[in-house]
Amino acid sequence: MFKFVIIAVAIVAAGFSAFYAFRRSPVCAGDGKYMASQSDCEAWGFTPETCKQAIEKARAVIARAAPKSETMFQCELRFSDCFQDPEGGFSPRPSFCLRQDKGAEPLEVRYLEYESDRMNRKKTKEVRIN
């Protein structure tokens, strides 16, 4: 009986660990690749022009949907990384998903925002924009 309990606990622990690991990893639609910068994009095999267009489109989505800050300092207190919006203010830097067959059209756009837990420790929370 004791062996059965030990095996059951090990299986439950392994299942929880696998669920937690996969839940936390960013997933792209289909066989897309998740990226946040020009170098990430080019490393996945996209052309520099495609990467530049995708970054501009992702930034345009973020500029419309995400909250803006007046200064870079205010933005970086709330978000993990920021960029200056051409229309004014500062917005969080986007991460996005691209697929080879979709060209420079980002499939998913996300940004990281800081939040505090009960002990007032900063943790990042991924915010997805649909």
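Residues numbered from 1 in each chain as written. Predicted model: local features only at pLDDT ≥ 70, side-chain atom pairs only at ≥ 80, totals over all residues. Heavy atoms only, no water.

This part covers the sheet that holds strand β1 (residues 33-35). Within the open sheet, the four strands sit side by side as β1-β4-β5-β6. Their pairing is antiparallel. The open sheet has two free edges, formed respectively by β1 and β6 (122-129), since each of these has just one partner strand. Strand-to-strand twist in this sheet, taken as the mean axis angle between neighbours without regard to direction, amounts to 25°. Relative to strand β4 (residues 95-98), β1 is paired through three bridges, and the arrangement is antiparallel. Counted as the bridge partner of K33 is L98 from β4. Set on the sheet, helix α3 (residues 48-65) makes contact with β4, β5 (108-116) and β6; between it and β5 the angle comes to about 50°. (Pairing = 2+ DSSP bridges. Helix = DSSP H or I, 4+ residues; strand = E, 2+ residues; numbered from the N terminus. Axes fitted to C-alpha atoms, helices over the stretch in contact; angles between N-to-C directions. Contact = heavy atoms within 4.5 Å.)

Residues M35, C41, F46, I62, F96, L98 and Y111 are the most contacted members of the largest nonpolar core, which totals 21 residues. Within the residue set of this core, elements represented by two or more residues are α3, β2 (82-84), β4, β5 and β6. For I62, the residues in contact, after removing those within four places along its chain, are F83, S91, P92, P94, V109, R110, Y111 and I129. (Core = buried A, V, L, I, M, F, W, Y, C linked by side-chain atoms within 4.5 Å. Buried < 20%, exposed > 50% of the residue type's maximum accessible area, 1.4 Å probe, protein only.)

Going through the model one piece at a time under the given rule, you end up with two disulfides. Note on cysteine connectivity: C41 is disulfide-linked to C51, with sulfurs 2.1 Å apart. Across the S-S bond linking C41 and C51, the dihedral sits near -90°, which makes this disulfide left-handed. Of this pair, C41 sits in helix α2 (residues 38-43) while C51 sits in helix α3, and the two are 10 residues apart along the sequence. (Disulfide = S-S within 2.5 Å.)

Attention now moves to the environment of I55. Here I55 shows up in helix α3. By relative accessible area, which is 16% here, I55 ends up buried. Each C-alpha atom, one on I55 and one on S37, is 7.4 Å from the other, the two residues being 18 residues apart in sequence.

This part is about the pairing of β6. Two strands pair when backbone bridges link them, and β5 and β6 are joined in this way by eight bridges, in the antiparallel orientation. Counted as the bridge partner of E115 is K123 from β6.

Any two side chains of opposite charge can pair, so long as their charged atoms come close to each other. Per the counting criterion, the structure on display carries eight salt bridges. Taking the shortest distance from any N to any O, the salt bridge between E105 and K57 comes out at 3.2 Å. One end of the pair, E105, is in the loop between β4 and β5; the other, K57, is in helix α3, and 48 residues separate them in sequence. Judged by relative accessible area, K57 falls into the partly exposed class, the value being 35%. A cluster of three or more residues bridged by salt bridges with shared partners is formed by E108, R110, E126 and R128. (Salt bridge = Lys/Arg side-chain N within 4 Å of Asp/Glu carboxyl O.)

Turning next to the packing of aromatic side chains. Two measures describe an aromatic ring pair: the distance that separates the ring centres and the angle between the ring planes. Going through the model one piece at a time under the given rule, you end up with one aromatic pair. Taking the centre distance of 5.6 Å and the plane angle of 75° together, the rings of F79 and Y111 count as edge-to-face. Placement of F79 in the loop between α4 (72-78) and β2 and of Y111 in strand β5 is noted, with a sequence separation of 32 residues between them. Classification of F79 by relative accessible area gives buried; the value is 0%. Taking relative accessible area as the criterion, Y111 reaches 6% and is therefore assigned buried. (Phe/Tyr/Trp six-rings, centres within 6.5 Å; stacked < 30°, edge-to-face > 60°.)

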